[in-house]
Amino acid sequence: MTAAEISERVAQLKQERNAVILVHNYQIPEVQDLADYLGDSLGLSQQAAETDAEVIVFCGVHFMAQTAKLICPEKTVLMPEPGAGCPMADMVTAEALVDFKAEHPGAPVVTYVNSTAEVKAESDICCTSANSVRVVESLDVERIIFVPDHFLGTWTQAQVPDTEFILWGGFCPTHARITPELVAEARAKYPDAAFVCHPECRPEVTAIADAVLSTGGMVKFARETQTREVILGTEEGIAYRLKQENPDKEFYTLPGITCPNMKMTTAEKVLASLEQMQYPIEIEPEVSGRARSAVERMLALG
C-alpha cells in the first residue's frame, strides 16, 4: 500500500474503533504523519488522560504505552511494535528498588517515567524531563531517591540545590553518546546555530548548551527563538517535526544519535494494530493501582 492508502485506511479504522493515535517526537516521519497528537512523555501522558477515545494506539516505546494504560485502565491501549523497549527502563527492577529504599529509609522515591510499571509501583511520584524540577520542589523534603536516570537526576539537582539526591546509576544510551567533542564539531560547522540539548545528556554537555529542554520544550523553543539555526542534542527523530512546523529555520542533528527502539514502529504496523487490535497492553492488577498513584500524583501538579 502507498502512504496515502495507509493514511486513508487508518483514518477509516480510527472512526470505526473510536481510536486516537499518540506518537512520540522521536518516531519516524511516516508515523509522525499519522499522529492525532505528537509530543513528549508528559504531553502524551496528559493527552492519554484527557482523550474520550476508547482505543489508544501508542507509537513509542513500551513504558510509554504502559503509562497510558495506567492512566486509562478502562481503555484499550495498543502498541504497534511490542518489541520496542527502553534500555534505561531495564536498568532498574522493582526488586532492586525495594532493596535501595531499605538502604535509605525515609527518602521518597521520584521515578522518571522511563521505567516499568513495576518500578513505578514502588515509587512515591513520577516525573518527566519536562517537570522533574517541579516534582522535586513539590515534595519539600531534604533528600530524595531518584531513579533510574542519573544524568537527569544530576541536572535536576542543580536546579534544586537544597535537596540531596540519592541517584540510581541508569542512563539513556542514545543521549550518553552525545559528547562535548560532537557538539564542538557541530558548532564549528554551524557557527551561527544555537545548541539545545535534552537533560538526559551528560553534565559536561548540558553545561555548554544554550538551553536544556525536554523535547516538548524544544518544540516551543524552535517556534519562539529568533535564531534561524539550531543544533539538536537529542534523538534525531524530532528534527522532522521541527522542520515541518518551522520551515524557515534549519535544524541540525548530531551523527549517530539514533534510538533503534524508537525506529521500530512503522506506518504498516500502526495499520495492522488497528485492523487486528494488536498488541494490547496489560498490567497486573496488584501493580497497576500503586503505579497509577505515582503517575497521578505527577499529573496533579499540572
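Higher on the page you've got the structure.
Report follows, based on the coordinates.

1. Focus: the nonpolar core
- Counting 76 residues, the largest nonpolar core has Ile56, Phe58, Phe195, Leu232 and Met298 as its most contacted members.
- If one sorts the elements of this core by residue count, helix H4 (residues 62–71) sits on top with 6 residues.
- Excluding residues that lie within four positions of it along the chain, Ile56 makes contacts with Val20, Leu22, Ala48, Thr51, Cys72, Lys75, Thr76, Val77 and Leu78.

2. With respect to helix H10 (residues 180–189)
- Along H10, the positions that sit buried rather than exposed are Leu182, Val183 and Ala186. Projected down its long axis, H10 carries its buried residues within an arc of 100°, all on one side. Turned more than 90 degrees from where H10 packs its buried face, Glu181, Glu185 and Ala188 sit exposed.

3. As for the pairing of strand S9 (residues 194–197)
- Here S9 shows no split at all, with Ala194 and Val196 on one side and Phe195 and Cys197 on the other all buried.
- Of the pairings in the sheet, the one linking S9 to strand S11 (residues 229–233) comprises 4 bridges and is parallel in character. Pairing of Ala194 across the sheet is with Val230, part of S11.
- In this structure, S9 lies alongside strand S10 (residues 211–212), joined through 2 bridges in parallel fashion. Counterpart to Cys197 in the pairing with S10 is Val212.

Calculation rules
Residues numbered from 1 in each chain as written. Predicted model: local features only at pLDDT ≥ 70, side-chain atom pairs only at ≥ 80, totals over all residues. Heavy atoms only, no water. Core = buried A, V, L, I, M, F, W, Y, C linked by side-chain atoms within 4.5 Å. Buried < 20%, exposed > 50% of the residue type's maximum accessible area, 1.4 Å probe, protein only. Helix = DSSP H or I, 4+ residues; strand = E, 2+ residues; numbered from the N terminus. Contact = heavy atoms within 4.5 Å. Arc of directions from axis to C-beta. Pairing = 2+ DSSP bridges.

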